Amino acid sequence: MENPKIIVSGVTGDTSVKEEMKSAIRSRVEKTLNTMREEKLHPFEGEVEKTEKQLAYIDAVERYLQKTFKILNIPHEGRFIDPDQVHYFPKDILEKNFSDITCDVGGFFSTADRALCMKSYDDSEKEELNKTEIRDLENLAHESIHLVSHSKFQANLVSGTKLNIGNYRTGYLVQSPESGEMKFNGFNEGVVCITERLSLINEAEELKRQFNATDKQIENLGYDAYIQNQMLVYALVGKIAEYRKESPVRALSRIIRGQFTGEMMHLRDVDDIYGNGSLDLLAKYQSSKDPRMNRDRDDLILAYFQSDDQEERDDLKKKIDDIESKKEIN
Ligand SMILES: [Zn+2]
């Protein structure tokens, strides 16, 4: 069967020729990705050997992911994360070696080569390590959830010869491999954090026993980053549950599940509930190349989805449109 995770574009010609060509391109992309992935199982330059604790984090995250998929009834075979996929670096080396990559939380992931690069702390930073012990596990869980989310690639044939390969989907995040334009980035981060919180909170007793987590740390699981994004997701969950006359747990499960399976059609509820154009607003939330430039607009988008009052929403929508149209003029 052809790999449905690779979308091929830019191929022209008769249908039969086109299909054959697309199939050849898909195999080529698969081969390239596999080679990249195998290479990234070897240690990186500047990487430090994993500590017992870090190996225990990887093991724990693997178990939590297995459980999460089981609870959501999503079939999965084999391991999610091989310890060799995870690479730990001292903070300064990570920043120097990957200066062009913006860290997400404590590290970053790459869907193409499936590597996870995380910050490590040395002995001289022991005090910091104690403070961040659970944070390190949370960060690894966060990046791993991104990594095992539904992913799709696009292979675009340019001028009949050159092949551009890029990420097209990662969870709910939709990206244009050509322009880099993103959609649903902020929403996706909110869903990842909530998934992280729920899967870790199930393991509270183990986290206390194995990683010395305090009650306060357990209470704060998942709340170190993307707080507003999580508020946005919960605002939608409340509204969707009301609209579909179902429990919020059910509405949230569907959203969490979708990030892993790729189902997105259920997001159409957003337009049905809030009115046409609302899903587009959701897609824009924290999806700019530099979200700091659009903080004001993104705050208005959050307020829009939190509001119960149609008149207030219309007013907020007007303000958002004003900001957008000013940007177009500039
Ligand atoms: Zn993230």
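For the structure itself, consult the block above.
Quick caveat: nothing in here was measured; it's all calculated off a predicted structure.

Chemist: So what about the overall build of the protein chain? Which residues, and what values?
Modeler: Counting its regular elements, the protein chain contains 13 helices and eight strands. Computed over the C-alpha atoms, the radius of gyration of the protein chain is 21 Å, within 12% of the 20 Å expected from 2.2 N^0.38 for a compact globule of 330 residues. Taking the principal axes of its C-alpha atoms as reference, the protein chain extends roughly 55 × 55 × 45 Å. A burial count over the protein chain gives 33% of its 330 residues as buried. By sequence separation, contacts in the protein chain at least 24 residues apart represent 65% of the contacts at least 6 residues apart.

Chemist: Before we move on, can you summarise the nonpolar core with the specific residues and values?
Modeler: If you look at the biggest cluster of nonpolar residues, it comprises 57 residues, and the most contacted ones within it are F187, V191 and V233. In terms of residues, this core owes the most to one element, helix α4 (residues 126-148), which gives seven residues. Formed jointly, this core draws a minimum of three residues from each of two domains, domain 1 (6-175) and domain 2 (184-329). Residues within four places of V191 in sequence aside, it is in contact with G171, Y172, V233, I255, I256 and Q259. Grouped together as the second largest cluster of nonpolar side chains are seven residues, I25, F153, A155 and Y168 included.

About the thresholds
- Residues numbered from 1 in each chain as written.
- Predicted model: local features only at pLDDT ≥ 70, side-chain atom pairs only at ≥ 80, totals over all residues.
- Helix = DSSP H or I, 4+ residues; strand = E, 2+ residues; numbered from the N terminus.
- Rg over C-alpha atoms; globule rule 2.2 N^0.38 Å.
- Buried ≥ 20, exposed ≤ 12 C-beta atoms within 10 Å, placed from the backbone.
- Contact = placed C-beta atoms within 7 Å.
- Core = buried A, V, L, I, M, F, W, Y, C linked by C-beta atoms within 7 Å.
- Domains from an automatic or database assignment.

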